[in-house]
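Per-entry structural report
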Number of protein chains: 2
Amino acid sequence: MTTINDIAKMANVSRTTVSRVLNNSGYASEDVRKRILKIVEETGYMPSVSAKSLRTKKSGVIGVILPKISTETASRVVGGINEVVAKEDFQILLTDTELDKEKEIEYVRLLKSRHVDGIILLSTNVNDRLIQAVTETNLPFISLGQALPGFTSVVYDDYHAAVDMTNMLIQKGHEKIAFIGVGEDDPAVGVLRKNAYVNTLEKHGYAIDDRFMEVGDFSIESGYEGMKRILKRCGDQCPTAVFVVTDRMAIGAMEYLKEQGYRIPEDIAVTGIGASTMSKYVSPSLTTIQYHNKEAGRKAAELLLAQMKNQKTDDKFVQTYRLISRDSV
Amino acid sequence: MTTINDIAKMANVSRTTVSRVLNNSGYASEDVRKRILKIVEETGYMPSVSAKSLRTKKSGVIGVILPKISTETASRVVGGINEVVAKEDFQILLTDTELDKEKEIEYVRLLKSRHVDGIILLSTNVNDRLIQAVTETNLPFISLGQALPGFTSVVYDDYHAAVDMTNMLIQKGHEKIAFIGVGEDDPAVGVLRKNAYVNTLEKHGYAIDDRFMEVGDFSIESGYEGMKRILKRCGDQCPTAVFVVTDRMAIGAMEYLKEQGYRIPEDIAVTGIGASTMSKYVSPSLTTIQYHNKEAGRKAAELLLAQMKNQKTDDKFVQTYRLISRDSV
DNA sequence: CTGAAAGCGCTTACAG
DNA sequence: CTGAAAGCGCTTACAG
């Protein structure tokens, strides 16, 4: 490994000067500068990141904590983050909690010990211990997807998105609308979307019927099972539409309906949220809501970079969404 | 930040001893050991990774180079890699070339300068400059998806998978089988799968018809366009089946066929490769080949870890596959 | 069983 | 415009 000392010797200068030239800090005569740059070029010298990091307390690495790496949403978000940070020569250190809440906290600490310059967290839940762990790191930090009190958050407009979807169903004449949600420890997906559904129905004077409501776990399978349970118990007054809070679960619900010979949307209309690639290619194509994940990732990265430069940022950035009407309604 | 010196002072020992206890290297009296561990626990001390890395030349980080992060294949593979390396407390540093071949080479060098302990590359092409760049790093290295001469590679059995698929089509009575592939700078997907198709047809005495063959770029859209071009020029002797080398392109092809009123599989059978989630939920469901991406990721990670411990590994590991028959044939 | 000292490869006041 | 020196937080022979 060539080091800064080697370069210094070869260029007949001190390593101080080499450092200055490489970092564009302080003066250096044109002559010396060129000589150094030429040698750097020839040798392919790259400064040791660890040494630099040890000295400057900056690592050039951004930590990203994901609930599950192998999902379309996650990879889109990471794509957006990467696009922005790569431009400023930052790398991403990815950690995957595999939906384990303890790991979220553990990774926050781990990333700190790895000297990351900032953290972006895609969380599926919000709790005090997590918040405390983040606070203790004292690091630039962005929460994406959930509003984390006290931290800059990039969130989707879950409430209004779900209101719009429910309203759309009502306007199409549906009165008995079923609902498949997720657990309420997830404020964004579990609580906001459900509240929107409930409030909108009530506003229109429709009764909330517990028999029409189910809870899944994000998986296609759980959408299938939820739909099955609803249909098993609705007797002679079954819903004419079902609002499912994620595309994957919606697709599971559609599977069950198709298996049972229901026609979509004639017998039952189905809607999702997420605008996954799949939603476009299932039959019938799924009416859903597009969140701009990649853009959210970009936004989060920009905010993190701003924080790292000590710029003040607002608390909360709400991303826009778009309802995509397709054939399942 | 608490450092090893703080811990040493608090425990009334030298930092040498603290280091030994923390790394389980060399002796330490039970008494001292307990005292140190207790203080570490209380303070939440975590050793500085940069300092450690500077000193030991090991970073505890594995570099992964991906052609495109936001794909199902990539995220499955990364999931598998992560599963294995996380157990040994390694982190993954992800880089995304966005299908830019220059970036592959650039990232190989960048990862080297970041002192990663090893590199796993998911490549879409093979060229001499890339091979040279990898050689120069002198780092443990695994190629996944492509056989890289001179390096340990984890590959899929592209050739036989494509042979099996073509044979299956032939056994179903198809004689005029169209083909949608990708560019030949991709040895695995572009060359092997195509050769298998061509050889299998020839073996059965069927002519290879250029009008039946198209090249896409992995996108759904390109499958759509490829199918369109084939159908525009086949006149009165159109194919009765089309073998598409990726699921996404196959789904594009199906879109076009459905739009034009073709029945699948009655008028034209369609097959893909990849067993994406989508392939299961499109209508009709897509006959495809399952590669075990996550397992390939695990295998690559294990081999890398083995190399890092200076264990010798074989050159080439061929992953198994499974043909999944569904409704599109 | 324990510690003093050197050194990993950088950057940054400080001095000239 | 340039350099000598200190120091970032560790680990590891070496000595006792």
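Computed from a predicted model, the values in this text were never measured in an experiment. (Residues numbered from 1 in each chain as written. Chains lettered and ligands numbered in written order. Predicted model: local features only at pLDDT ≥ 70, side-chain atom pairs only at ≥ 80, totals over all residues. Heavy atoms only, no water.)

As for the UniProt feature "domain: HTH lacI-type" (unreviewed entry) in chain A
Per the UniProt record, the feature "domain: HTH lacI-type" (unreviewed entry) sits at residues 2-56 of chain A. Secondary structure over residues 2-56 of chain A splits into 71% helix and 0% strand, and the C-alpha atoms at its two ends are 20 Å apart. (UniProt positions renumbered as here; feature names shortened; annotations may be inferred. Helix = DSSP H or I, 4+ residues; strand = E, 2+ residues; numbered from the N terminus.)

Examining the packing of aromatic side chains
Under the defined criterion, the tally for this structure stands at 12 aromatic pairs over all chains. When the ring of Phe141(B) is compared with that of Phe151(B), the centres are 5.1 Å apart and the planes differ by 65°; the resulting orientation is edge-to-face. With Phe141(B) in strand E4 (residues 141-144) and Phe151(B) in the loop between E4 and strand E5 (152-156), this residue pair connects regions lying 10 residues apart in the sequence. Comparing Phe141(B) with Phe151(B) shows no difference in burial state: the two are buried. Relative to Tyr291(B), the ring of Tyr156(B) lies with its centre 4.6 Å away and its plane at 5°, an arrangement referred to as stacked. Separated by 135 residues along the polypeptide, Tyr156(B) in strand E5 and Tyr291(B) in strand E10 (residues 288-291) bring together distant segments of the chain. Each member of the pair, Tyr156(B) as well as Tyr291(B), is classed as buried. Grouped by ring-pair contacts, the aromatic residues Phe179(A), Tyr197(A) and Phe243(A) constitute a single cluster. (Phe/Tyr/Trp six-rings, centres within 6.5 Å; stacked < 30°, edge-to-face > 60°. Buried < 20%, exposed > 50% of the residue type's maximum accessible area, 1.4 Å probe, protein only.)

Observations concerning the protein's contact with DNA strand D
In the vicinity of DNA strand D there are 27 residues, among which Thr17(A), Ile4(B), Ser19(B), Tyr45(B) and Arg55(B) approach most closely. Among the atoms of DNA strand D lying within 4 Å of the protein, the sugar-phosphate backbone contributes 55%. For DNA strand D, a phosphate oxygen lies 2.9 Å from a polar atom in the backbone of Ser14(A). Taking Arg55(A), its side chain carries an N or O atom lying 3.1 Å from a base nitrogen of DNA strand D. (Near = heavy atom within 4 Å. Polar contact = N/O pair within 3.5 Å; in protein donor to acceptor, adjacent residues only side chain to side chain.)

Comments concerning the relation of the copies chain B and chain A
Expressed as a screw transformation, the operator carrying chain B onto chain A has a rotation angle of 180° and an axial translation of 0.0 Å, and the superposed copies differ by an RMSD of 0.1 Å. What we have between these two chains is a two-fold relation. In this assembly, 100% of the residues forming the interface of chain B have copies in chain A that are likewise at the interface, indicating an isologous arrangement. (Least-squares fit on C-alpha atoms with pLDDT ≥ 70 in both. Contact = heavy atoms within 4.5 Å.)

Thoughts on the sheet that holds strand E6 (residues 177-182) of chain B
Residue and element names in this part refer to chain B. Strand order in the open sheet formed by four strands is E7-E6-E8-E9, with parallel pairing between adjacent strands. Bordering the open sheet on either side are strand E7 (213-216) and strand E9 (269-271), each of which pairs with just one other strand. Between one strand and the next, the sheet's axes are offset by a mean angle of 15°, whatever the strand orientation. Note that E6 and strand E8 (residues 241-244) share four bridges and pair parallel. Its bridge partner lying in E8, Phe 179 is registered against Phe 243. Relative to the sheet, helix H8 (residues 158-171) contacts E6, E8 and E9, its axis offset from that of E8 by approximately 170°. Of the strands in this sheet, E6, E7 and E8 touch helix H10 (residues 220-233), which is tilted by about 160° from E7. (Pairing = 2+ DSSP bridges. Axes fitted to C-alpha atoms, helices over the stretch in contact; angles between N-to-C directions.)

Overview of the packing of helix H5 (residues 72-87) of chain A against helix H13 (residues 293-308) of chain A
Residue and element names in this part refer to chain A. In contact at an axis separation of 7 Å, H5 and H13 are set at 40° when each is read in the N-to-C sense. Here H5 lies oblique to H13, going by the angle between them. The two elements H5 and H13 cross, and the hand of that crossing is right-handed. Residue-level inspection shows Thr 73, Arg 76, Val 77, Gly 79, Gly 80, Ile 81, Glu 83, Val 84 and Val 85 of H5 in contact with H13, the latter providing Asn 293, Lys 294, Gly 297, Arg 298, Ala 301, Glu 302 and Leu 305. (Parallel < 35°, antiparallel > 145°, perpendicular 65-115°, else oblique. Left-handed = near helix turned anticlockwise from the far one by under 90°.)

Some points on the interface of chain B and chain A
In this complex, chain B contributes 44 residues to the contact, which on the side of chain A involves 44 residues. Of the roughly 3500 Å² buried at the junction of chain B and chain A (both faces included), carbon and sulfur atoms supply 62%. If you sort the residues of chain B by the area they bury against chain A, Gln91(B), Arg114(B) and Tyr281(B) come out on top, with a joint share of 20%. The tally of links between chain B and chain A comes to zero salt bridges. Along the contact surface separating chain B from chain A lie seven residue pairs in polar contact (both at pLDDT 80 or more). Only helix H4 (49-56), helix H5 (72-87), strand E2 (91-96), helix H6 (101-113), helix H11 (247-259) and helix H12 (277-281) of chain B provide two or more residues apiece to the side of chain B that touches chain A. The element contributing the most residues to the side of chain B that touches chain A is E2(B), with six residues. Class assignment of the residues belonging to the side of chain B that touches chain A gives a composition of 18 nonpolar, 16 polar and 10 charged. Examined bridge by bridge, strand E2 (residues 91-96) of chain A and E2(B) share three bridges and lie antiparallel to one another. Looking across to E2(B), one finds that Leu93(A) is bridged to Leu93(B). (Buried area = accessible area lost by both parts, 1.4 Å probe. Salt bridge = Lys/Arg side-chain N within 4 Å of Asp/Glu carboxyl O. Nonpolar A, V, L, I, M, F, W, Y, C, P; charged D, E, K, R; others polar.)

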